[in-house]
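Letter by letter, the chains look like this.
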Amino acid sequence: MSDDYDPWYQWLRHSRHGDDAALQQIVQGEVVEYVNRLLDAISWRSDMTLLDVGTGEGAVAFRAIERVGSALHAVFTDISPKLLRYAKDKALQTGVAEQCSFLLRSADALTDIPSGSIDVVTSRAALAYVSNKSGALDEFFRVLKPGGQISIAEPIFQDEVLELVFATDWLARHAEAGSSPLPLLLRWRAAQWPDTLEKLQVNALMNYSERDLWKLFDACGFVGLHMELHFDMRAVPAISWESFLRSSPHPLSPPAGVILAERFSPGESACIEAILRPVIEAGNSKATVRLAYLSATKPEFQLNR
Ligand SMILES: C[S@@+](CC[C@H](N)C(=O)[O-])C[C@H]1O[C@@H](n2cnc3c(N)ncnc32)[C@H](O)[C@@H]1O
């Protein structure tokens, strides 16, 4: 692994689609759809200052610039130097660099962004990775002007992961699996997702529900909360086995090929491949994306709580 290795960059630019060009295009189309929903929740004025937290490639901020215009100032923040560099290059290439600034900051420590200086905070699929979510929300609240707006969209994995936890637990108590491939497939899933309640509880990306997000926003002092929970079932497109081996379902998971090579014997890998490969290459499965969209406002005046 090179010194320059950055898991966030690696996932967004490569492992999300396993370097399959057709899949990359489909994913980008879906992201535009999610970003538009998130931006629709804001009442825009042309001369606002936007802070996009965990900006990644800048999908939210660049789309906001396209929609709002040249008077919008956008602050891109992320913990990945490589992604910030990527977004900066893109701003230069697309001629919008003058209205953009870039800051390497964690969501829960937005130092150097003055209190009450931001009109709109956005964040898509980034708060999810922050362990200290209430600390991050305190920072979003602090930097917003009174009356400032926030809109986020975060994945909800908890229910799906609980199904794996319960299935694994059931299997452990009914060990007479015989020649069933189920234990092998559960081990395979467990390499990418928590398979016990203990592991789930400490996994920042998966240990919260949409109700938890609502409570955190309310406790932080935001008002006018509005939440929409979207479940979108998608057909999973066919990709080659090689692209699948380069892919991973989220940035914290190793690619499928690394898991097969490092955690399974050659015989077990061959068995998993025999089951999964026809499904991956036929593309006739489906997946449900669960996203919570939450928007709110910082009160104009301090409320008595
Ligand atoms: C799944 S990507 C989403 C990127 C982008 N928001 C989008 O909509 O395409 C998650 C992003 O969160 C960033 N991230 C992870 N932990 C973070 C933290 N503690 N503070 C700020 N950003 C973080 C990663 O670097 C990555 O860019």
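J.: Would you mind going over the overall build of the protein chain with me for this structure?
T.: Each helix and strand counted, the protein chain has 12 helices and seven strands in total. With the C-alpha coordinates aligned to their principal axes, the bounding extent of the protein chain is approximately 65 × 45 × 35 Å. Expressed as a percentage of the 305 residues in the protein chain, the buried residues total 46%. Long-range contacts, defined as pairs at least 24 residues apart, comprise 81% of the intrachain contacts of the protein chain with a sequence gap of at least 6. Here the protein chain displays about 15,000 Å² of accessible surface, and carbon together with sulfur accounts for 54% of that area.

J.: Explain the site of the ligand here, please?
T.: Looking at the ligand, there are 19 residues lining it, with Gly54, Asp78, Ser106, Ala107 and Arg124 nearest. One of the backbone N or O atoms of glycine 56 is found 3.5 Å from an oxygen atom in the ligand. Between the ligand and aspartate 78, the relevant distance is 2.4 Å, taken from an oxygen atom to a side-chain nitrogen or oxygen of the residue. For the ligand, the protein covers 96% of the area, taking 590 Å² as the surface of the free molecule. When residues of the shell around the ligand are assigned to their parent elements, the largest contribution, three residues, is made by helix 1 (residues 7-15). The residue makeup of the shell around the ligand, split by class, is 11 nonpolar, five polar and three charged.

J.: It is not clear to me how the packing of aromatic side chains should be interpreted in this structure. Could you clarify?
T.: Two descriptors summarise a pair of aromatic rings, namely the distance from one centre to the other and the angle between the planes of the rings. For the structure on display, the rule yields eight aromatic pairs. With centroids separated by 5.1 Å and ring planes inclined at 75°, the aromatic side chains of phenylalanine 141 and phenylalanine 222 adopt a geometry described as edge-to-face. With phenylalanine 141 in helix 5 (residues 133-143) and phenylalanine 222 in the loop between helix 9 (210-220) and strand 6 (223-236), this pair connects stretches of sequence that are 81 residues apart. Residue phenylalanine 141 is classed as buried on the basis of its relative accessible area, which comes to 18%. Put simply, the rings of Phe62, Phe76 and Phe102 touch in pairs and so form one group of aromatic residues. When the ring centre of tyrosine 9 is taken as origin, the NZ or CZ atom of lysine 82, which lies over that ring, is 4.6 Å away. One cation-aromatic arrangement involves lysine 298 over phenylalanine 141; the distance from NZ or CZ to the ring centre is 4.9 Å.

J.: Help me understand the domain arrangement of the protein chain in this model?
T.: Accessible area lost upon the coming together of the parts serves often as the stated size of an interface. Under the domain assignment used here, the protein chain contains domain 1 (7-156 + 208-236 + 287-297) and domain 2 (159-196 + 238-282). Centre-to-centre separation of domain 1 and domain 2, based on C-alpha positions: 31 Å. Between domain 1 and domain 2, the residue contacts involve 12 residues of the former and 12 residues of the latter. Here domain 1 meets domain 2 over a buried area of about 1,100 Å², counting both sides, of which 54% is carbon and sulfur. Where domain 1 packs against domain 2, one counts two salt bridges. Linking glutamate 160 and arginine 290 is a salt bridge whose minimum nitrogen-to-oxygen distance equals 3.7 Å. On the surface where domain 1 and domain 2 come into contact, there are three residue pairs in polar contact (both at pLDDT 80 or more). Class assignment for the residues of the side of domain 1 that touches domain 2 results in six nonpolar, two polar and four charged.

Conventions adopted
- Residues numbered from 1 in each chain as written.
- Predicted model: local features only at pLDDT ≥ 70, side-chain atom pairs only at ≥ 80, totals over all residues.
- Heavy atoms only, no water.
- Helix = DSSP H or I, 4+ residues; strand = E, 2+ residues; numbered from the N terminus.
- Buried < 20%, exposed > 50% of the residue type's maximum accessible area, 1.4 Å probe, protein only.
- Contact = heavy atoms within 4.5 Å.
- Areas by Shrake-Rupley, 256 points an atom, 1.4 Å probe, with all protein chains shown as cover.
- Near = heavy atom within 4 Å.
- Polar contact = N/O pair within 3.5 Å; in protein donor to acceptor, adjacent residues only side chain to side chain.
- Nonpolar A, V, L, I, M, F, W, Y, C, P; charged D, E, K, R; others polar.
- Phe/Tyr/Trp six-rings, centres within 6.5 Å; stacked < 30°, edge-to-face > 60°.
- Lys NZ or Arg CZ within 6 Å of the ring centre and 35° of its normal.
- Domains from an automatic or database assignment.
- Buried area = accessible area lost by both parts, 1.4 Å probe.
- Salt bridge = Lys/Arg side-chain N within 4 Å of Asp/Glu carboxyl O.

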